[in-house]
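Working through the structure, step by step
Spelled out, the chains give:
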Amino acid sequence: MKKLISIFSGIPLHLVIITIALIWILPSVGLLITSFRSSADVATSGWWTVLQHPFNFTCYTLENYREVIIRIGIGKAFWNTLLITIPATIIPILIASFAAYAFAWMDFPGRRLLFVILVGLLVVPLQMTMIPILRVFNKLGLAGTFPGIWFAHTGYGLPLIIYLLYNFISGLPSELFDSCSIDGATPFQIFKKLVIPLSLPALASVTIFQFLWVWNDLLVALVYLGGTPDVAPLTVRISALVGSYGQDWELLTAAAFVSMILPLSLFLGLQRYFVKGILAGSVKG
Amino acid sequence: MKEDYLVLENLTKVFGSGKNTVTAVDNVNLRVRKGELVTLLGPSGCGKTTTLRMIAGFEFPTSGKIFIEDKEISTVPPSQRPTTMVFQNYALFPHMTVFENIAYGLRIRREAEKNIREKTEKIINLVGLKGLSERSPAHLSGGQQQRVSLARSLIMEPKVLLLDEPLSNLDAKLRVSTRLEIRKLQQRVGITSVYVTHDQEEAMTLSDRVVIMNTGKIQQIGTPQEIYAHPVNYFVADFIGKANFLEGRVVGMISKNKVEVDVKNKKYEVFTLKDSFSEGEKIFLLIRPESIELENKKPNALTGIVRQLIYLGSRMIYEIEVDKDHLTVEITNPQEHKTFSPGEEVSINFKKKSLHIIPYEEI
């Protein structure tokens, strides 16, 4: 009887949650369906009309995707985004993991001051740095190049990544480090054999943060790369599409989903690390 | 005679500066012989762990020197010292198996894989972990984890093995069985060891010699028997086991190492390790609870009043009031003795060989 009561008492709450979830997901579903509809159908009827006969596949077309990927150049932009995001994720993670370990477990002059400066950098608005850095990039010939934007994302991402990794790495038991050093391990050996394996959850979560941040970035790419098709990432190309194809909703939605597919898969596949990452920062901070 | 293997010479460690100075270890001198197990025993904050960490190299002394086999290692980094440590929290690598944990040090040294395998398997058998090589630490009991930690230290063949309260995370029963195993292993391997604990029973069971520490200073060094029967001061007497203290005065020396004292207007002959006492010198007469016998009140005997009794099956504990002092008396096998009631007056006899005197100090 008690079990029945507990089941039934949970039903209203579950109904509310499911309703909110459906309302939340509805616009995305609408965009997804629109991306598979022809321009004629989009112009004449709403996406919800498809729900009357959802399994009538003649209503759907892949032409929008073909159009955006091949003819409009979203496919090229996708590869540009990968070329920007992957190094701009790997480089700061690599540097930050070394830095976080040094801050957490190595004693050197100025350690505290450097760490305070690092944390202070977190409050500097990104926009304030753009003009001075762009001037420097222009002098060095880095403006409009992939290395330039890798440096930019590395610089912008390092303070937070170091801070999050420092919080995690400094929480590792000190006896583990003492045990390694008494066995004769050098700091690099300790880093490689102990810190990295034990920090995998934190590394996975900061990798997701950094990947998503760079993938979805528009401003930094626009400023340091520019909008030329040979280097422009997805965000820049899609924002340009709004101008030239502003009325072609089926193309815009298709382009949007092309840009979403990879980060969405990454998030769904690694979401437990994402949650752990949020907690790691908040608890240790 | 075994030579001095580990020597601590005038070792001092000071933390902080200015007004926030803390002297954690104060002029410690200790000589440990080869193959000996010496325990540093004392209350929390007495400096025993700091001393151990200085031997390991995790702290460098503020002043003083450390020698192992006549070679000074005071400022040598831990990785280059011939020491290993068993930690209180085991310090096992959670991402490695038992085998990998134990073999870790040998891999750092880049020993041949065949050697590593042979040595690791030998040590695994020695500590009784056969069949558990492929388990991860999370799937081991506390006692098994402790043995992995010990194996990881022993496999490096250190000259000095350091143990920092290795049993404090185990339950009471497991602690008793594991400490006997540690002692047997240490004796079998013949490794010089320095053990830190705040548990008196552990120290008395395991050690060849015990070093009692308090507020950074060594109070006394001796075998468990010497420490218990002949403590040098109030702190040691009170810290080890239970103790009764009665104020008195020295009447005079009867012979070398034998002195007559006056306590509560009664004269007692006491054997002492100290060469001489001054006549009239104030002292404490130390009597352990198990060294006191109670009888029906007799004339001319030291008497007291029973205030409380606690029956513990194999023992009876009495609290006896003697003038302004209180004595704790422990009678074993109480069924064989008369039971006295609260309020009853009793005669108190001290077993002569168990009496000891220590210098008087204001408490």
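Here goes a summary of the coordinates provided.

**Focus on the packing of helix H4 (residues 74–105) of chain A against helix H9 (residues 187–198) of chain A**
Each pair of packed helices gets described by two things: the angle between the helix axes and the distance between those axes. Residues and elements named next belong to chain A. It is at 11 Å that the axes of H4 and H9 come closest, and there the two elements cross at 110 degrees. Here H4 lies roughly perpendicular to H9, going by the angle between them. As for the relative orientation of H4 and H9, their crossing is right-handed in sense. Contact residues: H4 offers Ser97, Phe98 and Tyr101, while H9 offers Pro187, Phe188, Ile190, Phe191 and Val195.

**Focus: the interface of chain B and chain A**
Taken residue by residue, the interface counts 22 residues in chain B and 15 residues in chain A. Between chain B and chain A the total buried area reaches about 1,600 Å² when both faces are included, carbon and sulfur atoms providing 65% of it. Linking chain B to chain A there are one salt bridge. Summed over the shared surface of chain B and chain A, the result is five residue pairs in polar contact (both at pLDDT 80 or more). For the side of chain B that touches chain A, the secondary structure elements donating two or more residues are helix H1 (48–56), strand E6 (83–86) and helix H2 (98–108) of chain B. In terms of residue class, the side of chain B that touches chain A is built from 13 nonpolar, six polar and three charged.

**Quick look at empty space enclosed by the protein**
Tallying each qualifying case throughout the model produces four cavities of 30 Å³ or more. By volume, the largest cavity amounts to about 60 Å³. In terms of lining, the largest cavity is formed by Ser179(A), Ile182(A), Asp183(A), Thr84(B), Met85(B), Phe87(B), Tyr90(B), Ser149(B), Arg152(B) and Ser153(B). Taken together, the elements giving at least two residues each to the lining of the largest cavity come down to helix H8 (174–182) of chain A together with E6 and helix H4 (142–154) of chain B. Broken down by element, the residue count for the lining of the largest cavity peaks at three residues, all from H4(B). Classifying every residue of the lining of the largest cavity gives four nonpolar, four polar and two charged.

How each quantity is defined
Residues numbered from 1 in each chain as written. Chains lettered and ligands numbered in written order. Predicted model: local features only at pLDDT ≥ 70, side-chain atom pairs only at ≥ 80, totals over all residues. Heavy atoms only, no water. Axes fitted to C-alpha atoms, helices over the stretch in contact; angles between N-to-C directions. Helix = DSSP H or I, 4+ residues; strand = E, 2+ residues; numbered from the N terminus. Parallel < 35°, antiparallel > 145°, perpendicular 65-115°, else oblique. Left-handed = near helix turned anticlockwise from the far one by under 90°. Contact = heavy atoms within 4.5 Å. Buried area = accessible area lost by both parts, 1.4 Å probe. Salt bridge = Lys/Arg side-chain N within 4 Å of Asp/Glu carboxyl O. Polar contact = N/O pair within 3.5 Å; in protein donor to acceptor, adjacent residues only side chain to side chain. Nonpolar A, V, L, I, M, F, W, Y, C, P; charged D, E, K, R; others polar. 1 Å grid on protein atoms, 1.4 Å probe; cavity = no way out; pocket = protein on both sides within 12 Å on 5 of 7 lines; lining within 4 Å. Points joined across faces, edges and corners; volume = space filled by probe spheres on them.

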